[in-house]
Amino acid sequence: MALKRHEYSALEDIVGPENIAQEPATIDTYTFYNWAEVLLGSKYMVQPEAVLLPGSTKEVQAIVKACNRYGLKFKAFSTGFLCAAGVGGERSIILDVRRMNRILELNEKDGYAVVEPYVVWRQLQAEAMKVGLNCPIIEAGSECSVLANLTSGWGMGSKSIYMGHNERNVLGVEWVLPTGEIVRMGSAGSGAGWFCGDGPGPSLRGIMRGYIGAWGGIGVFTKVGIKLYHWSGPPTWPVRGVTPYYEVDLPETIHGHMIYFPDWDSLANAAYEIGEAEIAAEFMKGGLTLMAAYVAASNEELWRMLAFLYSITKEGPVAAIIIEGHNKRDFDYKEKTLREILKKYKGRILDTLEHETFQRRAQTQIITTSTASRCAYRPTRAFCSALGGMDTYDLAMSEGKV
């Protein structure tokens, strides 16, 4: 059911005629989502009545107030990774925030950035690395919205052992409530900057985000501050090759290993000690499959690589670790510490994957998390794991044993 003429006109006055649409050809493009078939038995979600492209917080606020006035529901949409980005019923509109795509601040001294909703991880990481910082990209990939992950969704990544989960990396937030009121959380709410997610009095981060978030169901987030972390590598990455064989020249203070263990408990105990020793820039289970997917050019090549790799490791879980040293002395210390931990828990380094070419290809993809979605979608045509635990090592290991 299309919007009534006066409703459409009111919304058009807010964003301009070039930033609103309700013709079927456009509307249909906002109904196809990953996981929709799990909820509705179809790859298509409910059709919105219209799609608007607001360009500022002021326009978002005006749209929300208009929706309240006319009895319309609304859903903010950034990069649209999951079906949660779609609307769930009639009399609903989508706010596609792709025009709000700026990095508003990159604070090198205090280690944070302030971004709008359509800034993606790849965009933020490229700018952060220029000033010696890095960001906690999740395994959904670097094409996903930074703000959506921090405020409204969930996820973790190989960098979590160093940078934590992103419910802890949310700093100041600008939030247009369902009523149309604007709330600024944390230090941003008192005009003190975006460096802290909490301010005087009770924290609202648990209401806003918690562990998973409300997937766009509690208003529209228009700005967010994110904590950034030290980056020891080069400020830029001159890339060679074509997909999927991208390569860069890595400094001698960055190196990755595939490590495997005789059993799950040994892996878990080693992972705890690696985290306590603070020697890993990145660490992830499921290393063989993902590493092979990063560099394989086809599914056929992927299966051949996996058959070979698993024939080497025989039994026992495998993980990937990347060591980043601030300098050569720091790097050598971290490498030595890793080997002591492996010795303690009977872990081994998979020497086959120490080859320089593999290192250049695989590390490029892991550090930038640039092809995670492709690696999952290509073999399976879906991005969903049988396991969903993203909490303690004990939970992850108990699921991995199943």
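These numbers were taken from a predicted model, which means no experiment stands behind them.

Peer 1: Would you mind going over unusual backbone geometry in detail, with residue names and values included?
Peer 2: Most peptide bonds are trans, and most residues other than glycine sit at a negative phi. A positive phi is found at R91, a non-glycine position, where the angle reads about 60°. When you line up the elements, R91 lands in the loop between β3 (73-77) and β4 (92-96). Classification of R91 as buried rests on a relative accessible area of 17%. A positive phi angle, close to 60°, is found at K346, a residue other than glycine. Here K346 shows up in the loop between α12 (328-344) and β15 (348-349). When its relative accessible area of 63% is taken as the criterion, K346 is described as exposed.

Peer 1: I'd like to hear about the side chain of R209, residue by residue, with values.
Peer 2: Checked against the element boundaries, R209 lands in the loop between α8 (205-208) and β10 (220-227). Looking at R209, the relative accessible area reads 4%, which means it is buried. At 3.3 Å, the side chain of R209 forms a polar contact with the backbone oxygen of N149. Side-chain polar atoms of R209 contact the backbone oxygen of L150, separated by 2.9 Å. Setting aside anything within four residues of it in sequence, one finds R209 in contact with N149, L150, T151, S152, G153, W154, N166 and E167.

Peer 1: If you had to explain the pattern of salt bridges to someone new, which residues and values would you point to?
Peer 2: Throughout the structure, instances matching the rule amount to 15 salt bridges. The residue E59 makes a salt bridge to R99 at a minimum N-O spacing of 3.8 Å. You can see E59 sitting in helix α4 (residues 57-70) and its partner R99 sitting in the loop between β4 and β5 (103-107), a full 40 residues away along the chain. Take R99: its relative accessible area is 36%, and that puts it in the partly exposed class. Across the pair D332 and K328 runs a salt bridge whose closest N-O atoms are separated by 2.9 Å. Taken together, the positions of D332 and K328, both in helix α12 and 4 residues apart, correspond to about one turn of that helix. On the accessibility criterion, K328 (38% relative accessible area) is partly exposed.

Peer 1: Got a sec to walk through the environment of Y70? Specific residues and values, please.
Peer 2: Looking at the secondary structure, you find Y70 in helix α4. Among the residues examined, Y70 registers a relative accessible area of 23% and is labelled partly exposed. Considering only alpha carbons, one finds Y70 and R91, 21 residues apart in sequence, at a separation of 9.7 Å. Those residues in contact with Y70 that sit more than four places away from it in its chain are H6, E7, A10 and R91.

Peer 1: Hey, could you go over helix α1 (residues 5-15) for me, with residue numbers and the actual values?
Peer 2: Every buried residue belonging to α1 is among E7, Y8, A10, L11 and V15, and all of these are buried. Along the axis of α1, the buried residues cluster in a sector spanning 160°; they form a single face. For α1, the exposed residues set more than 90 degrees away from the buried face come down to R5 and D13. The secondary structure elements touched by the buried residues of α1 are β1 (20-21), β2 (50-52), α4 and β4. Of the residues flanking the end of α1, it is G16, one or two places downstream, whose phi is positive at about 90°.

Peer 1: Which residues make up the packing of helix α9 (residues 264-277) against α12, and what are the values?
Peer 2: Running from N to C, α9 and α12 point in directions that differ by 155°, and their axes come no closer than 10 Å. Judged on the interaxial angle alone, α12 and α9 are roughly antiparallel. As α9 packs across α12, the resulting crossing turns out to be right-handed. In this structure, α9 contributes A270, E273, I274 and A277 to the contact, and α12 contributes T337, L338, I341 and K344. Considered class by class, the residues forming the contact of α9 with α12 number 5 nonpolar, 1 polar and 2 charged.

Peer 1: Tell me about the sheet that holds β4, and name the residues and values.
Peer 2: On the basis of which strands lie adjacent, the open sheet formed by 4 strands has the order β1-β2-β4-β3 and mixed pairing. With one partner strand each, in any of the chains shown, β1 and β3 form the two edges of the open sheet. The strands touched by α4 within the sheet are β2, β3 and β4, with β4 carrying the most contacts at an inclination of about 180°.

Peer 1: Requested: an account of the environment of G88, with residues and values cited.
Peer 2: Summarising the element assignment, G88 is placed in the loop between β3 and β4. On the basis of relative accessible area, G88 is assigned to the exposed category, the value being 74%. For the pair G88 and K75, spaced 13 residues apart in the sequence, the C-alpha separation amounts to 9.1 Å.

Conventions and cut-offs
- Residues numbered from 1 in each chain as written.
- Predicted model: local features only at pLDDT ≥ 70, side-chain atom pairs only at ≥ 80, totals over all residues.
- Heavy atoms only, no water.
- Helix = DSSP H or I, 4+ residues; strand = E, 2+ residues; numbered from the N terminus.
- Buried < 20%, exposed > 50% of the residue type's maximum accessible area, 1.4 Å probe, protein only.
- Polar contact = N/O pair within 3.5 Å; in protein donor to acceptor, adjacent residues only side chain to side chain.
- Contact = heavy atoms within 4.5 Å.
- Salt bridge = Lys/Arg side-chain N within 4 Å of Asp/Glu carboxyl O.
- Arc of directions from axis to C-beta.
- Axes fitted to C-alpha atoms, helices over the stretch in contact; angles between N-to-C directions.
- Parallel < 35°, antiparallel > 145°, perpendicular 65-115°, else oblique.
- Left-handed = near helix turned anticlockwise from the far one by under 90°.
- Nonpolar A, V, L, I, M, F, W, Y, C, P; charged D, E, K, R; others polar.
- Pairing = 2+ DSSP bridges.

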